[in-house]
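Coordinate inspection notes
What follows is the residue order along each chain.
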Amino acid sequence: MKPRAAWGIFAEFVHSAVGGSVILLACTVAALVMANSSWREAYDHLLHARLGVTVAGHALDLTLHHWVNDGLMAIFFFVVGLEIKREVLVGQLSSVRLAVLPGSAALGGLLAPAAIYGVLNAGGAGAAGWGIPMATDIAFALGVLALLGSSVPLSLKVFLTALAIVDDLGAVLVIAIFYTDTIRLWALVAAAGFLGIFFVLLRVRARPLILFLPVLGVWVSVFASGLHATVAGILTAMMVPMKSPLDPAHFTEVVRTRLVDLTAGGVSRRSLLVDEDKLDAALELYEAAAGLRPPGIAMERALHPIQAYVVLPLFAFFNAGIAIDAGALAALTGPISLGVVLGLVLGKPLGIVLFSWLAVRSGLAGLPADLSWRILFAVSWLGGIGFTMSLFVSELAFKTGPALGEAKIGILAASLLAGAIGYVVLRLALAAGPRPA
């Protein structure tokens, strides 16, 4: 893939994430309004309304809240899986030299918040929530960058995006390893079988409707296995090829020869109806162009709007409805909320900057020419916007009860604080220039 094309894909991703952050914020506000008004009862009824399907006598009956968290969020993780695979193959994680800086930053941004939270909650009721402050919400982080306009260097967006992708991978591993109670091997075997079918169907270029059947089988099997159902999204994404199924040289030859056939003597809508040779040439050109599209990139582009404008906003609406009263505000000083706030607001920038400095100091990585430590320190605060993934992990860690509410109020407070600090500090850093005098 040419660098120009890769940048085009990256620019499209950034645009989708930024646009979706506006809808995400609106749904968050809507959930908070409903949870703190006379609509509270209606909101609770909506969350706990049940929707089920029965196949061959086997019923799958879940609340709407669970369908969103276990079902729709699998789409989010599928897109995350595609992003990880693309970055590893052709992007900012495609070589050791490129991957070391964002990879080190992400590792520090995972470990430091978890350590801070763990110290404050060791042996207490909130001990299981150590994974909550580990993740960065890329949609909101890029949304804050967008507010700064053209003053933001492209390399900074690349760094933050690559960091968030490695961060998401770390969060997925944490969920799969540490937030899984029991494992049913027979279900994992079934999931592997459906993954194999999906892999084969992709390579024979089966129609989307046919592909959906093994994907559904993977999701149901992972759901039954004891792993969180959204892991199915990551596993399925790993099966999707990123390379074009058609050899580009063959595509060029088809275009060269069949374009001549199509345009000989002129081409019009009528000529395509009456001249079978022209119609055949047009269809062959169409099929060749479709065959040249990398499946992974095509799926990523198709699903980004769905993820940004439907999945994440619905997730926010069904999970951000926290009753903010005197008790909730008092909980901010408790170990769970405090651990989340300090982990995200202080642990994230501390870990990102420290591990980045170690990577550069050791000679394993270099700082991009248009960045400075001042700018990197400033953008590290945006890593403290945990929101989506932090809410997701809090649901897994506490499921229900006061601890879940305390974690969520901490996530909201930390994300707002980290976003505000990050915006101000980054604005000042960018105004000072790329390199300190």
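Residues numbered from 1 in each chain as written. Predicted model: local features only at pLDDT ≥ 70, side-chain atom pairs only at ≥ 80, totals over all residues. Heavy atoms only, no water.

Taking 1.5 Å per residue as the helical rise, helix α4 (residues 96-121) with its 26 residues ought to reach 38 Å, and the 36 Å between its terminal C-alpha atoms agrees with that figure. Along its length, α4 shows its largest kink, about 25°, at Pro 102. Directly beyond the C-terminal end of α4, a positive phi value near 75° is found at Gly 123. (Helix = DSSP H or I, 4+ residues; strand = E, 2+ residues; numbered from the N terminus. Expected span 1.5 Å × (residues − 1). Bend = angle between axes of the 7 residues up to and from the residue.)

Moving on to the pattern of salt bridges. Counting across every chain of the model gives 8 salt bridges. One salt bridge connects Lys 348 with Asp 167, and the closest N-O pair in it is separated by 2.6 Å. Highlighted residues: Lys 348 in helix α15 (residues 335-361) and Asp 167 in helix α6 (residues 154-178), separated in sequence by 181 residues. Here Lys 348 matches Asp 167 in class, with each residue buried. For Lys 408, the salt bridge identified is with Glu 395, shortest N-O distance 2.7 Å. Linking Lys 408 in helix α18 (residues 402-432) with Glu 395 in helix α17 (residues 387-398), this pair joins segments that are 13 residues apart in sequence. Here Lys 408 and Glu 395 have matching classes, each one buried. The network of salt bridges with common partners includes Arg 86, Glu 87 and Glu 300. (Salt bridge = Lys/Arg side-chain N within 4 Å of Asp/Glu carboxyl O. Buried < 20%, exposed > 50% of the residue type's maximum accessible area, 1.4 Å probe, protein only.)

A word on the side chain of Asn 121. With respect to the secondary-structure elements, Asn 121 resides in helix α4. Within the structure, Asn 121 has its side chain in polar contact with the backbone nitrogen of Ile 336 (distance 3.4 Å). Among all residues touching Asn 121, those that are not within four sequence positions of it are Gly 126, Ala 127, Pro 335, Ile 336 and Gly 339. (Polar contact = N/O pair within 3.5 Å; in protein donor to acceptor, adjacent residues only side chain to side chain. Contact = heavy atoms within 4.5 Å.)

In this section: the layout of surface pockets. Taken as a whole, the largest pocket spans an internal volume of roughly 1,800 Å³. In terms of lining, the largest pocket is formed by 50 residues, of which the most central are Phe 198, Pro 208, Leu 211, Phe 212 and Val 215. Taken together, the elements giving at least two residues each to the lining of the largest pocket come down to β1 (50-55), β2 (58-63), α3 (64-90), α7 (185-203), α8 (208-225), α9 (231-239), α12 (276-292) and α13 (295-319). By residue class, the composition of the lining of the largest pocket is 37 nonpolar, 8 polar and 5 charged. For the second largest pocket, the lining is made up of 35 residues, of which His 65, His 66, Glu 395, Lys 399 and Thr 400 are closest to its centre. Looking at which element gives the most residues to the lining of the second largest pocket, the answer is helix α2 (residues 40-48), with 5 residues. Of the residues contributing to the lining of the second largest pocket, the split by class is 13 nonpolar, 14 polar and 8 charged. (1 Å grid on protein atoms, 1.4 Å probe; cavity = no way out; pocket = protein on both sides within 12 Å on 5 of 7 lines; lining within 4 Å. Points joined across faces, edges and corners; volume = space filled by probe spheres on them. Nonpolar A, V, L, I, M, F, W, Y, C, P; charged D, E, K, R; others polar.)

Using a probe with the size of a water molecule, rolled over the atoms, empty space left in the structure can be pinpointed. Under the criterion given, the structure shown has 3 cavities of 30 Å³ or more. Considering only enclosed or pocket space, the second largest cavity measures out at about 50 Å³ in volume. Around the second largest cavity, the lining residues are Phe 76, Thr 136, Asp 137, Ile 138, Ala 139, Asp 168, Leu 312, Thr 388 and Met 389. At the level of secondary structure, the elements contributing two or more residues to the lining of the second largest cavity comprise α5 (138-147) and α17. Looking at the lining of the second largest cavity residue by residue, the classes come out as 5 nonpolar, 2 polar and 2 charged.

Running from N to C, α8 and α9 cross one another at 140°; their axes reach a closest spacing of 9 Å. Our classification of the angle between α8 and α9 gives oblique. Between α8 and α9 lies a crossing whose hand is right-handed. Residues Val 215, Val 218, Trp 219 and Val 222 of α8 pack against Val 231, Ala 232, Leu 235 and Thr 236 of α9. (Axes fitted to C-alpha atoms, helices over the stretch in contact; angles between N-to-C directions. Parallel < 35°, antiparallel > 145°, perpendicular 65-115°, else oblique. Left-handed = near helix turned anticlockwise from the far one by under 90°.)

None of this, on its own, says anything about what the molecule does.
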